[in-house]
Amino acid sequence: MSGFISWQDVDRAFGGSKALARFTLDVDEGAILCLVGPSGCGKTTALRVLAGFDRPDAGRVEIRGRTVVDGSSFVPPERRSVGMVFQDYALMPWRTVEKNVAMPFEFIAHPFSDKEIQEQVYQVIRNVGLDGFEKSFPHELSGGMRQRVGIARAMVTQPKLLLADEPFGALDAMTREVLQGQLEKLVMESGQTVIFITHSIDEAISLGDRIAVISHRPGTVREIVEVNIERPRLAEGEITQHPDYGPLRQHLWDLVKDEALGAKSEDVA
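Here the structure is a predicted model, which is why all the values come from computation and not from measurement. (Residues numbered from 1 in each chain as written. Predicted model: local features only at pLDDT ≥ 70, side-chain atom pairs only at ≥ 80, totals over all residues. Heavy atoms only, no water.)

## Some remarks on the overall build of the protein chain
Along its length, the protein chain carries 7 helices and 10 strands. Relative to the 2.2 N^0.38 estimate, which gives 18 Å for 269 residues, the radius of gyration of the protein chain is 19 Å and therefore close to what a compact globule would have. C-alpha atoms of the protein chain, sized along the principal axes, occupy 55 × 50 × 35 Å. In the protein chain, buried positions account for 52% of the 269 residues. Long-range contacts, defined here as pairs at least 24 residues apart, represent 68% of the contacts in the protein chain between residues at least 6 apart. As displayed, the protein chain has an accessible area near 12,800 Å², and 51% of this comes from carbon and sulfur atoms. The centroid of the 30 positive side-chain charges in the protein chain is displaced by 5 Å from the centroid of its 39 negative side-chain charges. (Helix = DSSP H or I, 4+ residues; strand = E, 2+ residues; numbered from the N terminus. Rg over C-alpha atoms; globule rule 2.2 N^0.38 Å. Buried < 20%, exposed > 50% of the residue type's maximum accessible area, 1.4 Å probe, protein only. Contact = heavy atoms within 4.5 Å. Areas by Shrake-Rupley, 256 points an atom, 1.4 Å probe, with all protein chains shown as cover. Lys, Arg positive; Asp, Glu negative; His and termini not counted. Charge placed at Lys NZ, Arg CZ, Asp CG, Glu CD.)

What follows is the structure, encoded as structure tokens:
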């Protein structure tokens, strides 16, 4: 039975080199799925196909059992239902925090008045801890604060699906942990479905309900690992002290290491 989201036998090649090969994966509604794997394994390509930024050469993607993209057609998901967070923030430097956060409303059909939009914008800004910075410009903010703006912008339309492509990868360890905790809290409150790409095994365990380990190029799903650690994980002490943490991390490390070494050996050959 397919999940809320389903990639089915998706192939995608660029210049004769396959990025994805029969990529098949289901995501349950309300779950946080983390994708981990070596650089260049196709994680971002899988996300771009789902978001409609790219079209597969074969296979299809379904949302709630409805085909949204396949090798010959594309029916974009309703834009208000999908939010995206990027590693490089992707903020408009000439816009204030509130104007950056409000930007999705310019590109979707919605029933909200200007006053209602402002209320939603200010609420989500408060939710990510940026109240008082509504009139600030991106260059006046730290990297962590800019990424909070990116998270607020992705969540302002209350999307059912949140796609995150290494959103915390460029941040220092302390800021990264703080934002992980904020994201976990926001998602627990909203019940959103999240697909989160990361190179960090620790981040994947901290955030994910399930972790899909992706093989080296062409990307396929090597193994799906369940994370049965109760939530909240990042607000109640040190998750690394949980008895399941060590064995889970070692298993994931072994899988990812094998894939990374396989990719390097093919590069050398």
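## Things to note about the nonpolar core
Counting residues in hydrophobic clusters, the biggest one holds 52 residues, and the most contacted among them are Val101, Val121, Phe196, Ile205, Ile211 and Leu252. The greatest single-element share of this core, amounting to 6 residues, is contributed by helix α4 (residues 143-155). Setting aside residues up to four positions removed in sequence, Ile211 forms contacts with Leu33, Cys34, Val36, Ala204, Ile205, Glu223, Ile224, Val225, Val227 and Leu252. Membership of the second largest hydrophobic core comes to 27 residues, among which are Cys41, Ile63, Met84 and Ile195. (Core = buried A, V, L, I, M, F, W, Y, C linked by side-chain atoms within 4.5 Å.)

## Let's talk about the sheet that holds strand β2 (residues 17-27)
Consider a sheet: its strands pair through backbone hydrogen bonds, and that pairing is either parallel or antiparallel. Judged by pairing direction, the sheet is antiparallel, and its 4 strands sit side by side in the order β2-β1-β4-β5 without closing on themselves. Every other strand in the sheet has two partners, leaving β2 and β5 (66-70) as the edge strands with one partner each. Geometrically, the sheet is characterised by an average inter-axis angle of 25° between neighbouring strands, direction not taken into account. Bridging between strand β4 (residues 58-63) and β5 involves 4 bridges; their strand directions are antiparallel. Counterpart to Val61 in the pairing with β5 is Val69. With respect to the sheet, helix α1 (residues 43-51) is in contact with β1 (5-14), β2, β4 and β5, its orientation differing from that of β1 by roughly 115°. (Pairing = 2+ DSSP bridges. Axes fitted to C-alpha atoms, helices over the stretch in contact; angles between N-to-C directions.)

## A look at the packing of aromatic side chains
Summed over the entire model, instances satisfying the criterion amount to 3 aromatic pairs. An angle of 90° between the planes, with centres 6.0 Å apart, marks the rings of Phe105 and Phe112 as edge-to-face. Between the aromatic rings of Phe168 and Phe196, the centroid separation amounts to 5.8 Å while the plane-to-plane angle is 55°, which identifies the pairing as tilted. Here Phe168 is found in the loop between β7 (161-165) and α5 (173-190), whereas its partner Phe196 is found in strand β8 (residues 193-197), with 28 residues between them in sequence. The ring of Phe14 carries the charged tip of Arg12 above its face, separated from the ring centre by 4.3 Å. (Phe/Tyr/Trp six-rings, centres within 6.5 Å; stacked < 30°, edge-to-face > 60°. Lys NZ or Arg CZ within 6 Å of the ring centre and 35° of its normal.)

## Structural notes on the pairing of β4
Of the strand pairs in this sheet, β1 and β4 are connected by 5 bridges, and their pairing is antiparallel. In the strand pairing of β4, Ser6 is matched with Glu62. Hairpin connection, β4 to β5: the antiparallel pair is bridged by 2 residues, and Arg64 has positive phi, about 55°.

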